[in-house]
Amino acid sequence: MNSYITIDGWRSNIRFSSAHIIPEYEKCGRLHGHTYAVHAKITGKPDEKGIIMDFTAFKKVLRDIVNDLDHRVLVPEKSKVAIIKKGKNNVNINSLGKNYEIPTKDCVFLPIKSTSAENLSSYILNELINSELLTKNIKEIEIGVDEGFGQGARISKKL
Ligand SMILES: [Zn+2]
């Protein structure tokens, strides 16, 4: 028998609004924004109290992760397409021959190749795994990132 808990980011208010550029696609290569919601599914064995994981503690960790992304420009540090030069005050992003100069403190630098919903899901999943929140009874985690309503990516990892 498999038990799991789910969190719906739209309804639980685990959301963030950020700007990004995806130079790999022409339309997304223009600086634009989304409101994102983060969803989670945790599969595991309920403990003696019948609980897989405490919802409140779990939501707090997810909120802490997304708060770092909220109202910022998401910068994919490992981009192979955009050329990113990080200065003390400003970041210069050269993407598709266009130059963006953005205050460094308005940016968040992510260890991913592009800020697709897929890669953001993967980033959040890794942050969650590093958070020390996860207990031994948890067998699998799925994280989803919706880019606005009705479209999003999901990623899962067995522990
Ligand atoms: Zn976008």
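Everything here concerns the structure above.
Residues numbered from 1 in each chain as written. Predicted model: local features only at pLDDT ≥ 70, side-chain atom pairs only at ≥ 80, totals over all residues. Heavy atoms only, no water.

Remarks on the overall build of the protein chain
Reasoning step 1: Secondary structure assignment for the protein chain yields two helices and ten strands.
Reasoning step 2: When the helices and strands of the protein chain are read in sequence order from the N terminus, they spell out β-β-β-α-β-β-β-β-β-α-β-β.
Reasoning step 3: Taken over the C-alpha atoms alone, the protein chain extends approximately 60 × 30 × 25 Å along its principal axes.
Reasoning step 4: Counting the 159 residues in the protein chain, one finds 43% classified as buried. (Helix = DSSP H or I, 4+ residues; strand = E, 2+ residues; numbered from the N terminus. Buried < 20%, exposed > 50% of the residue type's maximum accessible area, 1.4 Å probe, protein only.)

Notes on the sheet that holds strand 5 (residues 83-86)
Reasoning step 1: As summarised here, the arrangement of the three strands in space is 5-6-7, forming an open sheet in which the pairing is antiparallel. With partners counted over all chains shown, the strands left at the sheet margins are strand 5 and strand 7 (98-103), one partner each. Neighbouring strand axes in the sheet, compared pairwise and without regard to direction, differ in orientation by 15° on average.
Reasoning step 2: Pairing geometry for strand 6 (residues 90-95) and strand 7, over six bridges, is antiparallel. Along strand 7, the bridge assignment pairs Ile93 with Tyr100. (Pairing = 2+ DSSP bridges. Axes fitted to C-alpha atoms, helices over the stretch in contact; angles between N-to-C directions.)

Looking at the packing of aromatic side chains
The relation between two aromatic rings is expressed through the spacing of the ring centres and the mutual angle of the planes.
Reasoning step 1: Using the criterion set out here, one finds two aromatic pairs in the structure.
Reasoning step 2: Ring plane angle 40° and centroid distance 4.4 Å describe the contact between Trp10 and Phe149, whose orientation is recorded as tilted. Pair noted here: Trp10 is in the loop between strand 1 (3-7) and strand 2 (15-20) and Phe149 is in the loop between strand 9 (138-147) and strand 10 (152-158), with a separation of 139 residues, a long-range link.
Reasoning step 3: The class for Trp10 is buried, based on a relative accessible area of 14%.
Reasoning step 4: Ring centres 4.6 Å apart and planes at 15° place the aromatic pair Phe16 and Tyr36 in the stacked group. Taken together, the residues span a long stretch of sequence, with Phe16 in strand 2 and Tyr36 in strand 3 (residues 32-44) at a distance of 20 residues. Take Phe16 and Tyr36: they sit in the same class, and that class is buried.
Reasoning step 5: Sitting above the plane of the Tyr4 ring, Lys41 keeps its charged end 4.1 Å from the centroid.
Reasoning step 6: One Lys or Arg, Lys86, reaches over the ring of Phe109 and ends 4.2 Å from the middle of that ring. (Phe/Tyr/Trp six-rings, centres within 6.5 Å; stacked < 30°, edge-to-face > 60°. Lys NZ or Arg CZ within 6 Å of the ring centre and 35° of its normal.)

A short note on the coordination of the zinc ion
Reasoning step 1: The protein atoms donating to the zinc ion are His20 (NE2), His32 (NE2) and His34 (NE2), with metal-donor distances spanning 2.0 to 2.1 Å.
Reasoning step 2: Read N to C, the donor residues that coordinate the zinc ion are spaced as H-x11-H-x1-H. Here His20, found in strand 2, pairs with His34, found in strand 3; they are 14 residues apart in sequence, far enough to count as distant.
Reasoning step 3: The exposure class of His20 is buried, given its relative accessible area of 1%. (Donors = N, O, S within 2.8 Å, 3.2 Å for Na, K, Ca; no water.)

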